[in-house]
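# Observations on chain architecture
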Amino acid sequence: SRLSMNVHIKNTQLQTIKQNYKDIFQATAQACELLKKTANVDSVPEAEIAFIAMHFCAAVEKLHSKEKQFLIAVVCPTGMGTSRMLAANLKKSFYNLEICYILSALHIDTQKLTEDGIDFIVSTVELDIDYTYACVSPVLMEQDKLLLTNIMKTLQKTKTLKSTALKQKNLKKYT
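Quick summary incoming for the structure in this document.

## Focus: the side chain of Asn89
Looking at where Asn89 falls in the secondary structure, it is placed in helix 4 (residues 81-93). Leave out the neighbours within four places in its chain, and Asn89 touches Pro138, Val139 and Leu140.

Below, the structure written as structure tokens:
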């Protein structure tokens, strides 16, 4: 309706969308060529294109966040103070971590963690276990964030390889 009534609005996210989601913005602009014909208008302003593109951007971000989700356990010496501080800082710094457990370093059951699909442990103390973990400060320094990011990248590659192998195995089963 805005287009047909020639009502122009401002989109404060226009430049952000154009810079951070260039491909989506360009694809939406191309799709808006069809919209021009359907709405019987001469042009679709960039502000309107960006509003439409924002819906696609949100959908893409939602898909990315689901595929990159990691299940973790947070560990400290007692499972109390520093682990809760670490958990709060993890939530603030990483959207793709789901904290499933907050544990004492003395009560880690790696078999249960494996059964529950825990991808890795984030601990405030060094651990003597055979499980992927990162030892970080409860206040998450930059080097801690880099360490966690690297672990997630490595695990994501492993997850992708396992998923691809499983799909191929299932394909062979049904062919």
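## A few points about the side chain of Ser123
Topologically, Ser123 is positioned in strand 3 (residues 120-123). On the basis of relative accessible area, Ser123 is assigned to the buried category, the value being 0%. Of the polar contacts made by the side chain of Ser123, one reaches the backbone oxygen of Val125; its length is 2.6 Å. Beyond its immediate stretch of four places on either side in the chain, Ser123 contacts Val75, Leu86, Tyr133, Ala134, Cys135 and Val136.

## Some words on the packing of aromatic side chains
Counted under the stated rule, the structure contains 1 aromatic pair. Plain terms: the ring middles of Phe70 and Phe120 are 6.2 Å apart, the flat faces sit at 65° to each other, and that makes the pair edge-to-face. Of this pair, Phe70 sits in strand 1 (residues 70-76) while Phe120 is found in strand 3, placing the two residues 50 residues apart along the sequence. Arg2 extends its terminal NZ or CZ atom over the ring of Phe51, reaching a point 5.9 Å from the ring centre.

## Side note on the environment of Ser4
Examined against the element boundaries, Ser4 turns out to sit in the segment before helix 1 (14-20). Put simply, Ser4 and Asp42 are 38 residues apart on the chain and 9.4 Å apart in space, counted from C-alpha to C-alpha.

## A word on the pairing of strand 1
Taken across its 7 residues, strand 1 has 6 buried, putting it largely inside the fold. Note: strand 1 against strand 2 (residues 97-104), 7 bridges, orientation parallel. Within strand 2, the position partnered with Cys76 by the bridge is Ser104. Between strand 1 and its parallel partner strand 2, the chain crosses via helix 4, and the hand of that crossover is right-handed. With 4 bridges connecting them, strand 1 and strand 3 associate as parallel partners. Within the sheet, the bridge partner assigned to Val75 lies in strand 3 and is Ser123.

Cut-offs used in this document
- Every chain's residues receive numbers from 1 upward, in the order its sequence appears when written.
- Where local features are concerned, this predicted model is filtered to residues with pLDDT of at least 70; where side-chain atom pairs are given and counted, the filter is 80 or more; whole-chain, interface and lining totals use all residues.
- Side-chain numbers here rest on the full set of heavy atoms in the structure, without hydrogens or water.
- To qualify as a helix, a DSSP run of H or I must reach at least 4 residues; to qualify as a strand, a run of E must reach at least 2; elements of each kind are numbered from the N terminus.
- Residue contacts are defined here by distance: any two heavy atoms, one from each residue, within 4.5 Å place the two residues in contact.
- Throughout this description, buried means an accessible area under 20% of the type-specific maximum (1.4 Å probe, protein chains only), exposed means over 50%, and partly exposed covers the range between.
- Definition of a polar contact: a pair of N or O atoms within 3.5 Å, with one able to donate and the other able to accept a hydrogen when the atoms are protein atoms, and with sequence-neighbouring residues admitted only if both atoms are side-chain atoms.
- Aromatic pairs are defined between Phe, Tyr and Trp rings, using the six-membered ring for Trp, whenever the two ring centres lie within 6.5 Å; interplanar angles under 30 degrees are classed as stacked, those over 60 as edge-to-face, and all others as tilted.
- Counting as a charge over the ring demands two things of the Lys NZ or Arg CZ atom: a distance within 6 Å of the ring centre and an angle within 35 degrees of the ring normal.
- If DSSP finds at least two bridges between two strands, the strands pair.
- When the strands point away from the viewer and the connection leading from the first strand across the helix to the second strand turns clockwise, the crossover is called right-handed.

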